[in-house]
Amino acid sequence: MESVLVEVDGVTVRPAQGDSLLAAVRLAGVELPTLCHDDRLTPAGSCRACLVRSGGDIVAACVSPAVDGAVVEVAAGELQALRREAVQVIVAALPPRALDGGVDGRELARVCHEMGIAPQTAQGHGGRGRDDSHPYVHLDRDLCIACGRCVRMCNEVQGTFALTLTGRGADTVVAPGTGGPWAESDCVACGGCVDTCPTGALTEPGLPLGGPAAAERTVTTCGYCGVGCSLEVLTRDDQVAAVLPDHNGPVNRGHACVKGRFAHGFLGSPERLTRPLLRRDGRLEPVTWKEALEYIARGLRDAVAAGGPDAVAAISSARATNEENYLAQKFMRVAIGTNNIDNCSRLCHAPSSAGLIAAFGLSGGTDTFDDVETADCLLVVGANPVEAHPVVGARLLQKVLRGTRLIVADPRTVGLARYADVHLRPRPGTNVALFHGLAHTLWAEGLADEEFLRRRADGLPELLDLLTGYPPDRVEALTGVPAEDLVAVARLYGRAERPAIIYGLGVTEHLHGTDGVRALANLAILRGAVGTERGFGINPLRGQNNVQGASDMGALPDILPGYGKVTDPLARARAEHVWGAPVPTRPGMRIPEMFAAARAGTLKALWIMGEDVCATDPDGTRVAEALDACSLVVCQELFLSQTAQRAHVVLPVASWLEKDGTFVNFDRRFQRVRPALTPPGEAKTDFAIVHAMASALDVDLGCRTPAEALAECGRVAPLFAGVSHERLDREGAVAWPCPDSDCPGEAKLYKERFATPDGRAKLAACPYLPPGESPDDHYPVILVTGRRWAHYNSGGMTRRTDNIRLDGTDRLDVHPADAARYGLRDGHPVTVESRRGRATLTVKLSDEMVPGQVFCAFHFPSSGVNILTSAHADTITSCPEYKVTAVRLAPVPGTAAKRSQ
Ligand SMILES: Nc1nc2c(c(=O)[nH]1)N[C@H]1C(S)=C(S)[C@@H](COP(=O)(O)OP(=O)(O)OC[C@H]3O[C@@H](n4cnc5c(=O)[nH]c(N)nc54)[C@H](O)[C@@H]3O)O[C@H]1N2
Ligand SMILES: Nc1nc2c(c(=O)[nH]1)N[C@H]1C(S)=C(S)[C@@H](COP(=O)(O)OP(=O)(O)OC[C@H]3O[C@@H](n4cnc5c(=O)[nH]c(N)nc54)[C@H](O)[C@@H]3O)O[C@H]1N2
Ligand code: SF4
Ligand code: SF4
Ligand code: FES
Ligand SMILES: [Mo]
């Protein structure tokens, strides 16, 4: 970038062209106060705390460009006086508490302290009142100086546009744009406005006045979603005072969402499990760890005696750390002697893993999110990042607001769809046809990169043969997407210079989810937009905080740590060498197979480490039957979840804020997890529990600490050999593949060759096949399930926080036309019935839906959404078809509205 020459109080500096005078002053190391300025936001120039003289004029440095040859005066006494006067005017109108804390107070108090403005200056009487309606964001109007930082934060970083400045002159104050109380506004509680507010007008409950300095501080990684936000946890007396976004976080860069930032109230919930529980006479009763472990050891030995090692199975946890998952799979393979281990990737992105490995060789997104963010065209498919990956959603939205082209493919009008150049609304379950239609058009319009295809990809003739059957008008008939929209999208994606594909569960959770991933990958390959500088490939927004890691660590029935196959003698030999024990050769059972085996009586013992299968797996009635059929169910939990209620032994665990280890986020970055608190009562980490269970069976799993476990994993898995706790503590995040400690980690994959055996990408010629569930006369409506912003999966944690005040019930989004048709009223209960069972939800009229389709989340197990969903699953990976369930709707008697015909 070109620089310019500027002189600041006699010091010559070279800011970049386009920088402000404020940047130049800082480069010169000269002190200059600011109030309305935040580096992340467009400058406002309203407070006048940063007045300087430049070219003879008095100007606000934050809004004045640093032009070549500028001579800036900052320190002169007369300028200091002007600045002090400006701030004094602001402060004089504020009540005395505005300057509480002085040098240890809020930003305004610190600035005043530095400028020598006496605390008595603040003499305002206030009287404008507070808004404490929201659980996490509180407003003290008397402290608002109308600097607008909060408004800009909400617009320019978060993208929610919830705030505005109202009133005139000295009475100007921030307010929700909807009028009314904050709790009823559009605010999604990202906390950004609280962070940037310099005065304490916006605060969160619990945050100590002096900020980080007033409490103990632990930097860790969020334990909710796969974005992997780095967070700073402030604690006092072993309790969380506040959780702030870490400004050095590689993904979040000082931002976060309501879950990571505020949803920690579950920690102190009176329902938190603090002692082991054992079922006696049908009731779960507290026992000692010794009793619980002896019971488990006996039960496991009995199961193996009755049915061999394969009569035992484990469901590991994508909520737990890499080290815990590593140890869990080692336990199953070494201590029990079976490959029966799986994790919730099965329910989620198993099709991504299978599809991306088949197409490119490795199980993960092809690019880093930092690169994706520099794309000039985003194709977002079956993902709702504004709600499910809010920090990513916010970064994408800001890109789009700055002009990046956006295509959204989602049956619903999700947050990003409102900003899309084109919004495609395929009928749920028709993605493969849609993607083939796009591929057909790319080829027909000469937008494919034939040179790339020749050099780096296989399968073109077969694909072209198949694509003849997918012209736009036929695809319109299959998917409901207008042919001209399809063509417009193929042109946008095909003509972009650096396109990127981002996708979610709307692609994977289908009967043909893996085909969906492959057909989507075809687009990037046809376009030569993967493994090259001409695009950013295809990137799944992986869900759980550590679902990538749980699979990386080999908590899968056919895969060892680092993706060696259990059927590959070389991969087995490497693990056997490190573990000093044989590795079973037969692939184990997947989660749905475990339940089927339990019902059939061949699976005797099931160990569940942190998944609420009864609430979150499909066809819940049959899941409960499976658990009831086992002679031993062990469940490691924070709470007495629906699953724990059916277990024989429940072990209390530490949460992500109470343990040591690492997570791998959605773009393959290892990041450190550090304990900020001690676990309550007798709760232990999953790591300690796996060791204790092994000891109870007289097996020593080695790797005493999480650091040792990751180091050992690196010896089994060359992909991670260069990652260690010590390195992560030193360097922050490291992406895999990272084969040695000098390797920086490969954020962008396949630059030279793909990781398939022959180094070439594979196009897939998979025909479109219809979904497993189809509507009929009895079940005429398609139910799509997914996420809402305030709750997380089973809701076990978020329902036990004040998030319950932000979203208190399970709602069914219904198009007004359907509501009229079935006699449903907004806010009233509705019975939703599928071929398997019935759930009761609350109607929410929504124009985000297409008539004939309804949507709900599954965050309130008591409403029974997963009683409805079916056992149909991806034919390749067994990922459930959560996105398509045929249902019928009826008002709960006594609440019906008049029906229309
Ligand atoms: N707030 C919150 N955040 C979360 C979670 C949470 O529970 N709450 N869970 C985390 C987890 S585990 C995961 S996996 C991620 C999931 O994150 P996402 O994948 O973004 O989540 P979903 O809402 O399940 O599904 C995404 C979209 O797929 C669309 N869809 C459904 N069927 C089709 C189809 O046939 N074609 C297309 N193109 N689209 C379709 C749905 O309308 C929905 O908007 O979120 C993570 N983040
Ligand atoms: N209808 C429908 N159902 C779905 C989906 C959908 O889109 N629609 N999505 C599916 C997807 S993608 C996923 S990932 C699953 C998620 O399903 P689950 O994994 O069952 O959901 P969670 O609520 O994330 O976590 C389960 C439990 O883990 C516990 N827990 C949290 N941290 C820890 C820990 O460190 N250790 C241990 N041992 N336990 C812990 C929590 O208390 C919680 O009860 O749901 C699936 N279910
Ligand atoms: S908390 Fe976030 S979403 Fe809510 S008003 Fe503040 S910046 Fe906007
Ligand atoms: S975006 Fe995901 S990782 Fe970041 S704070 Fe929210 S839940 Fe945590
Ligand atoms: S910081 Fe420059 S005018 Fe406010
Ligand atoms: Mo997930």
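Position labels on residues start from 1 in each chain and follow its written sequence. Each chain is given a letter, starting from A, and each ligand a number, starting from 1, according to the order in which they appear as written. Side-chain atom pairs in this predicted model are given and counted only at pLDDT of 80 or more, local residue features only at pLDDT of at least 70, and totals for whole chains, interfaces and linings cover all residues. For side-chain calculations, the full set of non-hydrogen atoms in the structure is used, while hydrogens and water are omitted.

**Student:** Go over the overall build of the chain with me, naming the residues and quoting the values.
**Tutor:** In this description a helix means any DSSP run of H or I spanning at least four residues, a strand means any run of E spanning at least two, and both kinds are numbered starting from the N terminus. Each helix and strand counted, the chain has 30 helices and 36 strands in total. The C-alpha radius of gyration of the chain comes to 29 Å, within 12% of the 29 Å expected for a compact globule of 901 residues. Judged by the C-alpha coordinates and their principal axes, the chain covers about 90 × 70 × 70 Å. To sort residues, take the accessible area from a 1.4 Å probe on protein chains only and compare it with the maximum for the residue type: under 20% means buried, over 50% means exposed, and anything in between is partly exposed. Per-residue burial over the chain gives 62% buried out of 901 residues. Throughout, a residue-residue contact means that at least one pair of heavy atoms, one from each residue, lies within 4.5 Å. Look at the contacts in the chain between residues 6 or more apart in sequence, and 71% of them connect residues 24 or more apart. Shrake-Rupley sampling with a 1.4 Å probe provides the accessible areas, and residues are treated as covered by the protein chains on show and by no other component. A total of about 32200 Å² of accessible surface is found on the chain, and carbon and sulfur atoms cover 50% of it. Both charge centroids of the chain, one from 92 positive and one from 107 negative side chains, sit 3 Å from each other. In this treatment the radius of gyration is a C-alpha quantity, and the globule benchmark scales as 2.2 Å times the residue count to the 0.38 power. Counted charges follow a simple rule, with Lys and Arg positive, Asp and Glu negative, and His plus the chain ends left uncounted. Where a charge sits is defined by one atom per residue type, namely NZ (Lys), CZ (Arg), CG (Asp) or CD (Glu).

**Student:** Outline the side chain of T798, listing residues and values.
**Tutor:** Looking at where T798 falls in the secondary structure, it is placed in the loop between β31 (781-786) and α28 (803-806). Residue T798 is classed as buried on the basis of its relative accessible area, which comes to 0%. At 3.0 Å, the side chain of T798 and the backbone nitrogen of Y792 are in polar contact. For the purposes of these results, a polar contact is taken to be a pair of N or O atoms within 3.5 Å, where, inside protein, one atom must be able to donate a hydrogen and its partner to accept one; residues adjacent in sequence count only when each atom of the pair is a side-chain atom.

**Student:** Break down the site of ligand 1 for me, citing the residues and quoting the values.
**Tutor:** Around ligand 1, the structure places 35 residues, and the nearest of them are A388, D410, R787, H791 and N793. With respect to ligand 1, the backbone of G382 contributes an N or O atom lying 3.4 Å from an oxygen atom. The side chain of H510 places a nitrogen or oxygen atom 3.1 Å from an oxygen atom of ligand 1. Here ligand 1, which alone exposes 920 Å², has 99% of that area covered by the protein. Of all the secondary structure elements, the ones that give two or more residues to the shell around ligand 1 are α11 (385-388), α18 (505-508) and β31. Classifying every residue of the shell around ligand 1 by side-chain character gives 14 nonpolar, 14 polar and seven charged. These domain limits were set by an automatic method or by a database of domain assignments. In terms of domain composition, the shell around ligand 1 takes at least three residues from each of domain 4 (350-540) and domain 5 (781-891). A single heavy atom is enough: if one lies within 4 Å of a molecule or strand, its residue is considered near that molecule or strand. Note on residue classes: Ala, Val, Leu, Ile, Met, Phe, Trp, Tyr, Cys and Pro are nonpolar, Asp, Glu, Lys and Arg are charged, and everything else, Gly too, is polar.

**Student:** Could you give an account of the environment of V487, naming the residues involved and the relevant values?
**Tutor:** Relative to the helices and strands, V487 is located in helix α17 (residues 483-495). Residue classification places V487 among the buried positions, given a relative accessible area of 15%. Residues in contact with V487, not counting those within four places in the same chain, are T441, E445 and P472.

**Student:** Before we move on, can you summarise the nonpolar core with the specific residues and values?
**Tutor:** Of all hydrophobic cores here, the largest spans 166 residues; its most connected members are L300, F331, F360, L378 and W607. Per-element accounting of this core gives the leading share, eight residues, to helix α19 (residues 513-526). When sequence neighbours within four positions are dropped, the list of residues in contact with W607 reads A313, A314, I315, A328, F331, M332, V634, Q636, V690 and M693. Among the nonpolar cores identified, the runner-up in size contains 41 residues, and L35, C36, L108 and A122 belong to it. Here, nonpolar core refers to any group of buried Ala, Val, Leu, Ile, Met, Phe, Trp, Tyr and Cys residues whose side-chain atoms link them within 4.5 Å.

**Student:** Break down unusual backbone geometry for me, with residues and values.
**Tutor:** Residues apart from glycine generally show negative phi values, whereas peptide bonds are mostly found in trans. Residue W736 is joined to P737 through a cis peptide bond whose omega torsion reads 0°. As for its placement among the helices and strands, P737 is situated in the loop between β29 (734-735) and β30 (761-762). Although it is not a glycine, R48 sits at a positive phi angle of roughly 65°. Within the secondary structure, R48 is located in the loop between α1 (21-27) and β3 (51-54). In this structure R48 comes out as partly exposed when scored by relative accessible area, which is 38%.

**Student:** Describe in detail the pairing of strand β35 (residues 853-857), supporting the description with residues and values.
**Tutor:** When you tally the buried positions in β35, you get five out of five residues, the bulk of the element. Neither face of β35 is left uncovered, since the one carrying Q853, F855 and A857 and the one carrying V854 and C856 both have all their residues buried. A pair of strands is labelled paired if DSSP reports no fewer than 2 bridges between them. Two elements, β31 and β35, share five bridges in a ladder whose sense is parallel. Residue pairing for β35: G786 is matched across the bridge by A857.

**Student:** So, the pattern of salt bridges: which residues are in play, and what are the values?
**Tutor:** Salt bridges, as used here, are contacts in which a Lys or Arg side-chain nitrogen is within 4 Å of a carboxyl oxygen on Asp or Glu. What the rule picks out here adds up to 56 salt bridges. Across the salt bridge formed by R253 and D370, the nearest N and O atoms sit 3.1 Å from each other. Note that R253 is positioned in the loop between β13 (239-245) and α6 (258-262) and D370 in helix α10 (residues 369-372), a separation of 117 residues in sequence. R253 gets classed as partly exposed once you look at its relative accessible area, which sits at 40%.

**Student:** Explain the site of ligand 3 residue by residue, including any values.
**Tutor:** Around ligand 3, a shell composed of C154, Q158, L163, W182, C187, V188, A189, C190, G191, G192 and C193 is seen. For the shell around ligand 3, the secondary-structure elements that each account for two or more residues are α4 (149-158) and α5 (192-196).

**Student:** I'd like to hear about the sheet that holds β13, residue by residue, with values.
**Tutor:** Ordered by their spatial adjacency, three strands build an open sheet running β11-β12-β13, and the pairing between neighbours is antiparallel. Every interior strand has two partners, whereas the edge strands, β11 (216-221) and β13, have only one. Averaged over all pairs of adjacent strands, the angle between their axes in this sheet comes to 30°, without regard to strand direction. Where β11 lies against strand β12 (residues 230-236), six bridges are found, and the strand directions are antiparallel. Paired with T221 across the strands is S230, a residue of β12. As a rule, the C-alpha atoms of each element are fitted with a line to give its axis, helices using only the stretch in contact, and angles between N-to-C directions run from 0 to 180 degrees.

**Student:** Talk me through the sheet that holds β29; I want residue IDs and the actual numbers.
**Tutor:** With antiparallel pairing, three strands are arranged side by side in an open sheet as β27-β28-β29. The sheet terminates laterally at β27 (661-664) and β29, the two strands that pair on one side only. Where strand β28 (residues 669-673) lies against β29, two bridges are found, and the strand directions are antiparallel. Across the sheet, residue R669 finds its bridge partner in β29, namely A735. The strands touched by helix α8 (residues 322-336) within the sheet are β27 and β28, with β27 carrying the most contacts at an inclination of about 95°.

**Student:** Could you give an account of the side chain of N340, with specific residues and numbers?
**Tutor:** Relative to the assigned elements, N340 resides in the loop between α8 and β17 (341-342). The exposure class of N340 is buried, given its relative accessible area of 2%. Excluding anything up to four places from it in sequence, N340 contacts D310, V312, A313, A314, M332, G588, M589 and M594.

**Student:** How would you explain the domain arrangement of the chain if you had to name every residue and give the values?
**Tutor:** A common way to report how large an interface is uses the accessible area buried once the components associate. Looking at the assigned domains, one finds that the chain contains domain 1 (6-92), domain 2 (124-268), domain 3 (290-346 + 590-720), domain 4 (350-540) and domain 5 (781-891). Look at where the C-alpha atoms of domain 1 and domain 2 centre, and you get two points 27 Å apart. At the interface, 12 residues of domain 1 touch 13 residues of domain 2. Considering only the surface of domain 1 that becomes buried against domain 2, L35, R40 and L41 emerge as the three largest contributors, covering 53% of it. Remark: the boundary between domain 1 and domain 2 carries zero salt bridges. Once two parts are brought into contact, the accessible area they lose, counted with a 1.4 Å probe and summed over both, makes up the buried area.

**Student:** Could you give me a rundown of the packing of aromatic side chains, with the residues and numbers involved?
**Tutor:** Pairing of aromatic side chains requires ring centres within 6.5 Å, counting the rings of Phe and Tyr and the six-membered ring of Trp. Pairs whose planes differ by under 30 degrees are stacked, by over 60 edge-to-face, and all others tilted. The full count for this structure, using the stated rule, is 13 aromatic pairs. Summarising the aromatic geometry, the rings of F360 and Y750 are spaced 5.8 Å apart at their centres and angled 35° between planes, so their arrangement reads as tilted. Remark: Y750 occurs in the loop between β29 and β30 and F360 occurs in helix α9 (residues 350-360); sequence separation between them is 390 residues. By the burial criterion, F360 is buried, and Y750 matches it. Between Y563 and W736 the ring centres are 6.1 Å apart and the planes differ by 35°, which places this aromatic pair in the tilted class. With Y563 in the loop between α20 (547-552) and α21 (569-579) and W736 in the loop between β29 and β30, this residue pair connects regions lying 173 residues apart in the sequence.

**Student:** Go over the environment of A44 with me, naming the residues and quoting the values.
**Tutor:** Within the fold, A44 resides in the loop between α1 and β3. Remark: the alpha-carbon pair of A44 and A60, spanning 16 residues in sequence, is separated by 9.6 Å. Apart from the residues within four sequence positions on either side, A44 is in contact with C36, V63, C147 and R152.

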